[in-house]
Amino acid sequence: MRSPKGNAYGSFFTDENQTFDVVVVDENGKPIKRDNLEVKVYKVEWRWWWNSSYDDLASYVSSSYHRPYMSLKVNTNANGKANFNIKIPDNDRGRYLIRISDPVSGHATGRTAYFYKNWWQKAPSSDKEAAKMLVFSADKENYNVGEVAKVTFASGSEGRALVSIENGTEVLDYNWVKTNKGETTVDIPITKEMAPNVFVNISLLQPHAITANDLPIRLYGVIPIMVENPSTKLYPELQMPETLKPEQSFEVKVSEKNNKPMTYTIAMVEEGLLDLTRFKTPNAWMNFTSVKLWA
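Residues numbered from 1 in each chain as written. Predicted model: local features only at pLDDT ≥ 70, side-chain atom pairs only at ≥ 80, totals over all residues. Heavy atoms only, no water.

S.K.: Would you mind going over the pattern of salt bridges in detail, with residue names and values included?
M.R.: In total, this model carries seven salt bridges according to the counting rule given. For the salt bridge of Glu228 with Lys233, the shortest nitrogen-to-oxygen distance reads 3.2 Å. On the accessibility criterion, Glu228 (29% relative accessible area) is partly exposed. Judged by relative accessible area, which is 22%, Lys233 ranks as partly exposed. (Salt bridge = Lys/Arg side-chain N within 4 Å of Asp/Glu carboxyl O. Buried < 20%, exposed > 50% of the residue type's maximum accessible area, 1.4 Å probe, protein only.)

Right, dumping it as structure tokens:
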């Protein structure tokens with residue numbers, strides 16, 4: 001199964017059709033036509049921190065008290081390919097298990113996926129606290145160091161907003177802003193300290209005796225901003241023979257495209273062994289610059 005491209009946060013938008021691709025192959029890797037592939041989508045309940053450190057999803061789907069959120073069947077064409085759509089309503093946002101099984105061979109595959117529109121926004125609720133939530137947005141989802149993020153929120157003309165830029169461990173910067181009637185835009189210069197992401201936290205305060213609107217005296221909200229620092233990327237280059245022969249020495253030249261200093265490891269593994277384990281070359285930059293969660 002191949003998933004569609006998600007949004008910047010790795011999840012899929014609700015209230016939209018998300019197309020998943022399927023391919024069926026035989027033991028030799030040749031595509032085959034197969035009818036009645038079973039697709040089941042389960043809504044997975046959130047796991048608390050005191051639960052097991054891993055999810056036993058095989059046991060989850062076999063439990064009699066967990067019924068699929070949706071079920072359907074698909075047929076592959078002569079090339080062994082098919083696709084299906086999943087559309088999760090926004091009021092059912094959350095974490096889902098998508099499982100596909102072949103009734104003929106018994107083989108199954110699956111993945112977990114998150115469906116949200118704006119995961120940082122509070123879902124509609126009758127909770128009185130929801131009225132205090134300040135909804136705002138940035139002009140882009142991703143920024144490079146050196147750019148300026150423009151954050152816009154609805155406001156009155158007599159208020160003050162405390163804009164705080166925070167990562168998972170500390171407050172990087174904060175500023176008091178006088179609001180404008182109708183809408184206020186705040187410019188936030190993107191610095192290298194903000195990579196790989198920061199949270200923009202805004203507390204909007206209105207005068208006690210304000211009568212121009214019926215909003216609470218204090219509103220607050222937070223959104224994430226993804227930041228990429230191009231200077232942290234390395235582009236290693238190798239010069240070596242295209243083919244190697246047993247018991248024969250060879251020379252490898254290692255360099256960096258932009259002549260940056262780097263530490264490297266050379267590993268040689270037979271390609272067939274990697275195929276057996278479906279090894280995927282890790283993205284070192286992503287692993288070292290992963291998203292910092294809210295502390």
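Now that the structure is up, let's keep going.
S.K.: Which residues make up the side chain of Thr179, and what values go with them?
M.R.: Relative to the elements of secondary structure, Thr179 occurs in the loop between strand 11 (171-178) and strand 12 (182-189). On the basis of relative accessibility, which here comes to 2%, the residue Thr179 falls in the buried class. Among the polar contacts listed, one links the side chain of Thr179 to the backbone oxygen of Gly159, at a separation of 3.1 Å. Excluding anything up to four places from it in sequence, Thr179 contacts Phe153, Ser155, Gly156, Ser157, Glu158, Gly159, Arg160, Ala161, Thr184 and Leu204. (Helix = DSSP H or I, 4+ residues; strand = E, 2+ residues; numbered from the N terminus. Polar contact = N/O pair within 3.5 Å; in protein donor to acceptor, adjacent residues only side chain to side chain. Contact = heavy atoms within 4.5 Å.)

S.K.: An account of the sheet that holds strand 13 (residues 197-205) is requested, with residue identities and associated values reported.
M.R.: On the basis of which strands lie adjacent, the open sheet formed by five strands has the order 8-14-13-10-11 and mixed pairing. One side of each edge strand has no neighbouring strand; the edge strands of this open sheet are strand 8 (142-144) and strand 11. Across this sheet, the average inter-strand angle for adjacent strands is 25°, counted without regard to direction. Here seven bridges tie strand 10 (residues 160-166) to strand 11, and the two strands are oriented antiparallel to one another. Bridge assignment links Ala161 to a residue of strand 11, and that residue is Val177. (Pairing = 2+ DSSP bridges. Axes fitted to C-alpha atoms, helices over the stretch in contact; angles between N-to-C directions.)

S.K.: Which residues make up unusual backbone geometry, and what values do they have?
M.R.: With an omega of 0°, the peptide bond between Ala195 and Pro196 qualifies as cis. Of note, the phi angle at Asp15 is positive, near 60°, even though the residue is not glycine. Tracing the backbone through its elements, the reader meets Asp15 in the segment before strand 1 (18-23). The exposure class assigned to Asp15 is partly exposed, which follows from its relative accessible area of 35%. Notably, Asn36 is not glycine yet its phi reads approximately 60°, a positive angle. Here Asn36 shows up in the loop between strand 1 and strand 2 (37-44). Owing to a relative accessible area of 40%, Asn36 belongs among the partly exposed residues under this scheme.

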